[in-house]
Amino acid sequence: MTSAADTAPAARKPKRDRTHYLYIAVIIAVAAGIAVGLAAPDFAVGLKPIGTGFVNLIKMMISPIIFCTIVLGIGSVRKAAKVGAVGGIAMVYFTIMSLVALGIGLVVGNILEPGTGLAVTDAIKDAGHAQIDSEAKDTTEFLLGIIPTTIVSAFTNESVLQTLLIALLAGFALQGMGSVGQPILRGIEHIQRLVFRILAMVMWAAPIGAFGAIAAVTGSAGVDALKSLAVLMLGFYVTCFLFVFIVLGILLRVISGLNILTLFKYLGREFLLILSTSSSESALPRLIAKMEHLGVSKPVVGITVPTGYSFNLDGTMIYMTMASLFISDAMGTPMSIGEQIPLLLFLLVASKGAAGVTGAGLATLAGGLQSHKPALVDGIGLIVGIDRFMSEARALTNFAGNAVATVLIGTWTKEIDKERVNEVLAGQLPFDEKTLLDDGHGGSTDEHAEVPEQGGEKELAKT
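Conventions adopted
Residues numbered from 1 in each chain as written. Predicted model: local features only at pLDDT ≥ 70, side-chain atom pairs only at ≥ 80, totals over all residues. Heavy atoms only, no water. Salt bridge = Lys/Arg side-chain N within 4 Å of Asp/Glu carboxyl O. Helix = DSSP H or I, 4+ residues; strand = E, 2+ residues; numbered from the N terminus. Buried < 20%, exposed > 50% of the residue type's maximum accessible area, 1.4 Å probe, protein only. Arc of directions from axis to C-beta. Contact = heavy atoms within 4.5 Å. Polar contact = N/O pair within 3.5 Å; in protein donor to acceptor, adjacent residues only side chain to side chain. Core = buried A, V, L, I, M, F, W, Y, C linked by side-chain atoms within 4.5 Å. Patch = residues over 30% accessible without salt bridge, like charges linked within 9 Å, V, L, I, M, F, W, Y side chains within 5 Å. Areas by Shrake-Rupley, 256 points an atom, 1.4 Å probe, with all protein chains shown as cover. Expected span 1.5 Å × (residues − 1). Phe/Tyr/Trp six-rings, centres within 6.5 Å; stacked < 30°, edge-to-face > 60°. Lys NZ or Arg CZ within 6 Å of the ring centre and 35° of its normal. Axes fitted to C-alpha atoms, helices over the stretch in contact; angles between N-to-C directions. Parallel < 35°, antiparallel > 145°, perpendicular 65-115°, else oblique. Left-handed = near helix turned anticlockwise from the far one by under 90°. Nonpolar A, V, L, I, M, F, W, Y, C, P; charged D, E, K, R; others polar.

K.L.:
How do you make sense of the pattern of salt bridges when you look at a structure like this?
P.N.:
Here the idea is simple: oppositely charged side chains can pair when their charged atoms come close. The full count for this structure, using the stated rule, is four salt bridges. Between R286 and E270 there is a salt bridge; the shortest N-O distance is 2.5 Å. Placement of R286 in helix 15 (residues 284-294) and of E270 in helix 14 (residues 268-277) is noted, with a sequence separation of 16 residues between them. E270 matches R286 in its accessibility class, with the two residues each being buried. Salt bridges sharing common partners tie together E270, R286 and K290.

K.L.:
Where do I start with helix 22 (residues 418-425) in this structure?
P.N.:
Think of an α-helix as turning once every 3.6 residues; residues three or four places apart then point the same way. Burial in helix 22 covers these residues: R420, V421, V424 and L425. Buried positions in helix 22, seen along its axis, are confined to an arc of 125° and lie on one side of it. Packed against the buried residues of helix 22 are helix 13 (260-266) and helix 15. Structurally, the start of helix 22 carries an N-cap: the backbone nitrogen of E419 is 3.3 Å from a side-chain oxygen of D417. At the C-terminal side of helix 22, G427 shows a positive phi close to 85°.

K.L.:
Would you take a moment to explain the nonpolar core for this structure?
P.N.:
Most often, soluble globular proteins keep nonpolar side chains buried together rather than apart. Counting 118 residues, the largest nonpolar core has L263, L267, L294, L365, I383 and V404 as its most contacted members. Looking at this core, the element that brings in the most residues is helix 21 (residues 387-412), giving 12 residues. Once you skip the residues sitting within four places of it in the chain, L263 turns out to touch L252, M291, L294, V404, V407 and L425.

K.L.:
Help me understand a nonpolar patch on the surface, please; the structure alone is not making it clear to me.
P.N.:
Side chains of V238, F241, L242, I246, I250 and V254 sit close together on the surface and give an oily, nonpolar patch of about 570 Å² of accessible area. The residue I250 is located in helix 12 (residues 230-256) in this model.

K.L.:
How should I be thinking about the environment of L344 in this particular structure?
P.N.:
Examined against the element boundaries, L344 turns out to sit in helix 18 (residues 337-353). For the pair L344 and H372, spaced 28 residues apart in the sequence, the C-alpha separation amounts to 9.8 Å. With residues near it in sequence (within four places) discarded, L344 still touches L102, L106, M320, T321 and S324.

K.L.:
Looking at this structure, I do not really get helix 10 (residues 182-202). What am I missing?
P.N.:
The first and last C-alpha atoms of helix 10 sit 30 Å apart over 21 residues, in line with the 30 Å expected at 1.5 Å per residue. Those residues of helix 10 not exposed but buried are L185, I188, E189, Q192, V195, F196, L199, A200 and V202. All buried residues of helix 10 project into a common sector of 150° when viewed along the axis, lining one side. Looking at helix 10, the residues exposed on the side facing more than 90 degrees away from the buried face are P183, H190, L194 and M201.

K.L.:
Teacher, can you tell me more about the packing of aromatic side chains here?
P.N.:
Within this structure, the stated rule accounts for nine aromatic pairs. Summarising the aromatic geometry, the rings of Y93 and F94 are spaced 6.2 Å apart at their centres and angled 65° between planes, so their arrangement reads as edge-to-face. For Y93, a relative accessible area of 7% translates into the label buried. Aromatic ring contacts, followed pair by pair, group F241, F245, F264, F271 and F399 into a single cluster. Here the guanidinium or amino end of K290 rests over the ring plane of Y266, the centre of that ring lying 4.8 Å away.

K.L.:
In this structure, what is going on with the environment of Y237? I would like to understand it.
P.N.:
Within the secondary structure, Y237 sits in helix 12. Given a relative accessible area of 32%, Y237 falls into the partly exposed group. It is 6.2 Å that separates the C-alpha atoms of Y237 and A393, two residues lying 156 residues apart in sequence.

K.L.:
Even after reading the chapter, I still don't get unusual backbone geometry, so can you show me in this structure?
P.N.:
Most peptide bonds are trans, and most residues other than glycine sit at a negative phi. Phi angles above zero are rare outside glycine, and K414 is one such case at about 60°. Considering the arrangement of structural elements, one finds K414 in the loop between helix 21 and helix 22. Judged by relative accessible area, K414 falls into the exposed class, the value being 74%.

K.L.:
How should I be thinking about the packing of helix 5 (residues 62-75) against helix 9 (residues 160-177) in this particular structure?
P.N.:
Two quantities define a packed helix pair, namely the angle between the helix axes and the distance between the axes. Contact pair helix 5 / helix 9: the axes reach a minimum separation of 8 Å and the direction vectors enclose 30°. On the basis of their axis angle, the class for helix 5 and helix 9 is roughly parallel. Considering only the axes of helix 5 and helix 9, their crossing is right-handed. Residues I62, S63, I66, F67, I70, V71, I74 and G75 of helix 5 lie in contact with helix 9, whose contacting residues are V160, T163, L164, I166, A167, L168, A170, G171, F172, L174 and Q175. Residues that form the contact of helix 5 with helix 9 fall into these classes: 14 nonpolar, five polar and no charged.

K.L.:
Can you walk me through the packing of helix 15 against helix 16 (residues 298-311) in this structure?
P.N.:
Put simply, helix 15 and helix 16 touch, their axes get as near as 10 Å, and they point 150° apart. Taken together, helix 15 and helix 16 sit at an angle that is classed as roughly antiparallel. Helix 16 is crossed by helix 15, and the crossing has right-handed handedness. Here helix 15 contributes L284, L287, I288, M291 and E292 to the contact with helix 16, which in turn contributes K298, V301, V305 and Y309.

K.L.:
Sorry, what's going on with the side chain of N398 here?
P.N.:
The residue N398 is located in helix 21 in this model. Excluding residues that lie within four positions of it along the chain, N398 makes contacts with N312, L313, D314, G315 and T316.

This is how it looks when you write it as structure tokens:
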């Protein structure tokens, strides 16, 4: 009996996780990309398609992952009202935090006045007008655009909100079907495992994508642009830092009792991925998987994360605030507080209409200024050169805001396993980098977790 107890744990010993080598390679690739960008700018800019290709590989997995996560989460919930409560709380929280982010950017922007003393040339004016995206939609078109042409087109239009709508409808339909819908739920669960396995395979291309993306950004911006606009860049980075570690950190500590540094350590690989690709979307599928692994229920994760990627853009809010003040100062027409507040509230609404547009930060700013204060569009060219470097902080802040929001909303709705959270953050329950899923742990989908164990190995270990 003793020998059986001794040998059982050895038989169940997990295989060594080799994915840490992948992220060491990503760090090396980022350093190499910066070096190439500085040494050979023209060559580095030509590497941009490599980074774009990797991000596109990640983005192609987003729709099926969101669909499977939401359908499995809602399909297993007994009461539809619970899902509605999660969505309502999320939207109220997103609106409040967007206003807080705008307020912080307003204060810092007025203190620094980074645009004072800069000159706006004709070339800069042309560059500014070129940023106005003809595809940007107003709020009404944005809301109507949430409805896909067909069920299938929701997965091909690169619209997270269209996928969210179809998944919600499918989840509620399966919920109403009761036991009849269980085979469908099990089938979707298997599809989810397949999709996450493909994502894990795609992640091995991360070093190549990181090298191409960082090299292109460094080569296109150049050292001169960084020097001349250093005040704006540093001010923006400091503002994002203060927002994340003071505002979000206090909220997380007071409401959920968690240390934000501990949470960010758990999400360290995702932050590295965003830093190397300048895209928060590249980490969206992994955020969903990691929040479920952390102990937040599937319905909360499935609704909060996709919705937050369109409506909870704290970094973008700060960016638009400081960029607007910077441009107005540079144009020699500084705005009074009475002019700043209406403009920023307009940009808050406009950012929802341009969600999903490529280069959303700069495109939204250009479109908003064109509609509300056209005279400032000429100055947008001043920040084109450093926009990609500022997009790093934008993406990191947006991601941090959505990670914290998921934990907070899970706490408010009592849809979070606090014991599991402590175990995961303490490193006792490591995240499975190979499958990105927990075998036997389905969050709120208890029906899927209760699968009979095959073989006598686990029973032997218990004995």
